Amino acid sequence: RTPVVYTQLERRDPYVLRSDLYRGAGRDETRLTHGARLTQPDARADGELVAVQYGANAARLVRVSADGRRIVPLTRDVPGERWAEPRWSPAGDAVAAVHLLGTGEQRIVVLDTLGALRVAVAGARGVFTSPSFTPDGQRLVWSSDRSGRMQLETAPVSLAAVDTLHWRDERDAVRQASAVSTGVYEPTVSPDGARVAAGVRTIGGIDIA
């Protein structure tokens, strides 16, 4: 069985709750971290992890070694800012993530393996979630509610061009890729790049489509 990495919560007392990383396959489970406040992990092919680490009024991205012993910050702790849903690129040379700014704006960005910003793909005053690379690493797919409902959006990723000044501008390269009357959530691109699996809200809840 292929091991998976996941998060579990631990209540240490009535007022303290901690989140840590585990690796498991079937009934075999290994705890990787202790009291590290980590969540939303993603594993690279060599076992290196990227995850979100909660702090005081902030959440940053960190790299975690495969055995959980080494935790290295990728982004700074900035009060009022949050990072979320990091995902490795297929080649393992970049990380896509959601950056929640203190202004109430959110954006989809791509960082290098040291945490430096490579490109801000899209952003606005709205909700942006679940960036997913296509298998060739050349395009991102995510969900956003800036149309009024959560819909899929997509855009090419140019890792050679850093764009930090005009990410608030609407771009021709960013396009809406769904038109669902309810909402689409948590997209993941199929291994062959031909399809996107996502949750679609229905009367009975959320179905996978």
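## Regarding the pairing of strand β4 (residues 38–43)
The side chains of a regular strand alternate between both faces of the sheet.
So, step 1. Pairing geometry for β4 and strand β5 (residues 49–55), over four bridges, is antiparallel. Each bridged residue has a counterpart across the sheet, and for D42 the counterpart in β5 is V50.
So, step 2. Here β4 folds back onto β5 in antiparallel fashion, the turn holding five residues, of which G47 has a positive phi close to 95 degrees.

## Brief notes about unusual backbone geometry
So, step 1. Positive phi values are uncommon outside glycine, yet N57 reaches one of about 55 degrees.
So, step 2. Of note, N57 is situated in the loop between β5 and β6 (58–64).
So, step 3. Exposure remark for N57: the relative accessible area of 47% places this residue in the partly exposed category.
So, step 4. Of note, the phi angle at S130 is positive, near 55 degrees, even though the residue is not glycine.
So, step 5. With respect to the secondary-structure elements, S130 resides in strand β12 (residues 128–133).

## What to know about the sheet that holds strand β14 (residues 151–156)
So, step 1. Across the sheet, which stays open at both edges, the four strands sit in the order β12-β13-β14-β15 with antiparallel pairing between neighbours. Looking at which strands have only one partner, the edges of the open sheet turn out to be β12 and β15 (175–176).
So, step 2. Judged from the two bridges that link them, β14 and β15 form a sheet pairing that is antiparallel. From the neighbouring strand, T154 faces β15, where its bridge partner is R175.

## Some details on the layout of surface pockets
With a probe scaled to a water molecule rolled over the atoms, the places where space remains empty come into view.
So, step 1. When its volume is computed, the largest pocket comes out at roughly 290 Å³.
So, step 2. What lines the largest pocket is a set of 18 residues, and nearest its centre among them are D42, A43, W88, S89 and P90.
So, step 3. Among the elements of the structure, β4, β8 (82–88), β12 and β16 (184–189) are those that each provide at least two residues to the lining of the largest pocket.
So, step 4. Among the elements that line the lining of the largest pocket, the one with the most residues is β12, at three residues.

## Describing the side chain of E48
So, step 1. By the secondary structure assignment, E48 is in the loop between β4 and β5.
So, step 2. Reaching out from E48, the side chain makes a polar contact with the side chain of R70 at a distance of 3.2 Å.
So, step 3. Those residues in contact with E48 that lie beyond four places of it in its chain are D42, A43, R63, V64, S65, A66, R70 and W88.

## Section: the pairing of β5
So, step 1. Of all seven residues making up β5, five are buried, and the element is well covered by its neighbours.
So, step 2. As paired elements, β5 and β6 share seven bridges and run antiparallel to each other. Paired with Q53 across the bridge in β6 is R60.
So, step 3. Between β5 and the antiparallel strand that follows it, β6, lie two residues; N57 among them carries a positive phi value of about 55 degrees.

## So, the sheet that holds strand β2 (residues 16–25)
So, step 1. Read across the open sheet, the three strands follow the order β1-β2-β3; overall the sheet is antiparallel. Single-partner strands in this sheet number two, and they are β1 (4–13) and β3 (28–31). Strand-to-strand twist across the sheet, computed as the mean angle between neighbouring axes with direction ignored, equals 40 degrees.
So, step 2. Pairing of β1 with β2, which is carried by nine bridges, proceeds in the antiparallel orientation.

## A look at the nonpolar core
So, step 1. With 17 residues, the main nonpolar core has I108, V110, V121, F128, L140 and W142 as its most contacted residues.
So, step 2. Listed by contribution, the elements that provide at least two residues to this core are β9 (95–100), β10 (106–111), β11 (117–124), β12 and β13 (139–144).
So, step 3. Sort the elements by how many residues they give to this core and β11 lands first, with four residues.
So, step 4. Aside from chain neighbours lying at most four places away, what touches L140 is A96, I108, V110, V121, P131, S132, F133, E153, T154, A155 and V157.
So, step 5. Core analysis: the second largest hydrophobic core is formed by 12 residues, V52, A59, W88 and A97 among them.

## Topic: the pattern of salt bridges
So, step 1. Enumeration over the complete set of coordinates arrives at nine salt bridges.
So, step 2. Taking the shortest distance from any N to any O, the salt bridge between E10 and R31 comes out at 2.9 Å. Of this pair, E10 sits in strand β1 while R31 is found in strand β3, placing the two residues 21 residues apart along the sequence.
So, step 3. Salt-bridge contacts for R70 lead to E48; the nearest nitrogen and oxygen are separated by 3.2 Å. Taken together, the residues R70 in the loop between β6 and β7 (71–73) and E48 in the loop between β4 and β5 connect sequence positions 22 residues apart.
So, step 4. Taken together, the shared-partner salt bridges connect E10, R12, D20 and R31 into one network.

About the cut-offs
- Residues numbered from 1 in each chain as written.
- Predicted model: local features only at pLDDT ≥ 70, side-chain atom pairs only at ≥ 80, totals over all residues.
- Heavy atoms only, no water.
- Pairing = 2+ DSSP bridges.
- Helix = DSSP H or I, 4+ residues; strand = E, 2+ residues; numbered from the N terminus.
- Buried < 20%, exposed > 50% of the residue type's maximum accessible area, 1.4 Å probe, protein only.
- 1 Å grid on protein atoms, 1.4 Å probe; cavity = no way out; pocket = protein on both sides within 12 Å on 5 of 7 lines; lining within 4 Å.
- Points joined across faces, edges and corners; volume = space filled by probe spheres on them.
- Polar contact = N/O pair within 3.5 Å; in protein donor to acceptor, adjacent residues only side chain to side chain.
- Contact = heavy atoms within 4.5 Å.
- Axes fitted to C-alpha atoms, helices over the stretch in contact; angles between N-to-C directions.
- Core = buried A, V, L, I, M, F, W, Y, C linked by side-chain atoms within 4.5 Å.
- Salt bridge = Lys/Arg side-chain N within 4 Å of Asp/Glu carboxyl O.

By themselves, these are just geometric observations and shouldn't be taken as functional.
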